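# Examining the three-dimensional arrangement
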Amino acid sequence: MKPFYQQELLARVKALLRRYDALGSIRETHAENRLQVGDIALDLDTKQLLVRGDAVRLTPTEYKILKMLLANPGHVFSAEQIYSRVWNREAYAVENTVMVHISRIREKLEVNPKKPEYLKVVWGIGYVLEAP
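Attention here is on the structure that accompanies the text. Note that the structure is predicted; figures quoted are calculated from it, not measured.

Looking now at unusual backbone geometry. Although it is not a glycine, K47 sits at a positive phi angle of roughly 60°. Of note, K47 is situated in the loop between β2 (40–43) and β3 (48–51). Even without being a glycine, R52 presents a positive backbone phi close to 50°. Within the secondary structure, R52 is located in the loop between β3 and β4 (54–56).

Below you can see the structure in the form of structure tokens.
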């Protein structure tokens, strides 16, 4: 083991930290384009969903719905609001359409889709995504 001077070691570490702060890190820029609630993370750049660390495939419609819900955790959306935002059309009798997509998303997110922890129904109002 070579001898070293404590002051030189500190100077080198400080120089590395200065460069790191000046240039930024990959993690920091990546985190800006990520929506996360609990163990669910959606990378907006790669459009990849991670659920408890595992990659999960989404259809384009599922991605749009989940992106909206992850961007607004705790906010209750009616089926009409979800439909008009995702499909960009006026909503008329769309409850079943939205319900089918929500149930498919729930199957991909939840450990037990029958007792959801994240994607919940607010009876008579709509759907909400919350951290357990």
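Turning our eyes to something else, we now look at the layout of surface pockets. Counted as a void, the largest pocket has a volume near 250 Å³. Lining of the largest pocket is provided by 15 residues; of these, M99, V121, W123, G126 and Y127 occupy positions nearest its centre. At the level of secondary structure, the elements contributing two or more residues to the lining of the largest pocket comprise α4 (79–87), α5 (95–109), β5 (119–122) and β6 (126–129). Top contributing element to the lining of the largest pocket by residue count: α5, with five residues. Residues that form the lining of the largest pocket fall into these classes: eight nonpolar, four polar and three charged.

Moving on, we come to the pattern of salt bridges. This model, assessed by the stated rule, comprises three salt bridges. For E8, the salt bridge identified is with R12, shortest N-O distance 2.7 Å. Taken as a pair, E8 and R12 lie in helix α1 (residues 6–23) at a separation of four residues, close to a single helical turn. The class for E8 is partly exposed, based on a relative accessible area of 38%. With relative accessibility at 54%, the residue R12 sits in the exposed group. A salt bridge links E62 to K108, with the shortest nitrogen-to-oxygen separation between them at 2.6 Å. Separated by 46 residues along the polypeptide, E62 in helix α3 (residues 60–71) and K108 in helix α5 bring together distant segments of the chain. Exposure remark for E62: the relative accessible area of 3% places this residue in the buried category.

Once that is clear, we can look at the pairing of β5. Note that β5 and β6 share four bridges and pair antiparallel. Looking at the pairing, V122 lines up with G126 of β6. Two successive antiparallel strands, β5 and β6, enclose a turn made up of three residues, where G124 displays a positive phi of approximately 80°.

Angle between the axes and distance between the axes: these two values describe a pair of packed helices. Relative to each other, α3 and α4 sit at 120°, their axes nearing to 10 Å. The angle between α3 and α4 places the two elements in the oblique class. Between α3 and α4 the crossing geometry is right-handed. Seen from α3, the contacting residues are T61, K64, I65 and M68; seen from α4, they are I82, R85, V86 and W87. Of the residues that constitute the contact of α3 with α4, the class distribution is five nonpolar, one polar and two charged.

Rules behind the numbers
- Residues numbered from 1 in each chain as written.
- Predicted model: local features only at pLDDT ≥ 70, side-chain atom pairs only at ≥ 80, totals over all residues.
- Heavy atoms only, no water.
- Helix = DSSP H or I, 4+ residues; strand = E, 2+ residues; numbered from the N terminus.
- 1 Å grid on protein atoms, 1.4 Å probe; cavity = no way out; pocket = protein on both sides within 12 Å on 5 of 7 lines; lining within 4 Å.
- Points joined across faces, edges and corners; volume = space filled by probe spheres on them.
- Nonpolar A, V, L, I, M, F, W, Y, C, P; charged D, E, K, R; others polar.
- Salt bridge = Lys/Arg side-chain N within 4 Å of Asp/Glu carboxyl O.
- Buried < 20%, exposed > 50% of the residue type's maximum accessible area, 1.4 Å probe, protein only.
- Pairing = 2+ DSSP bridges.
- Axes fitted to C-alpha atoms, helices over the stretch in contact; angles between N-to-C directions.
- Parallel < 35°, antiparallel > 145°, perpendicular 65-115°, else oblique.
- Left-handed = near helix turned anticlockwise from the far one by under 90°.
- Contact = heavy atoms within 4.5 Å.

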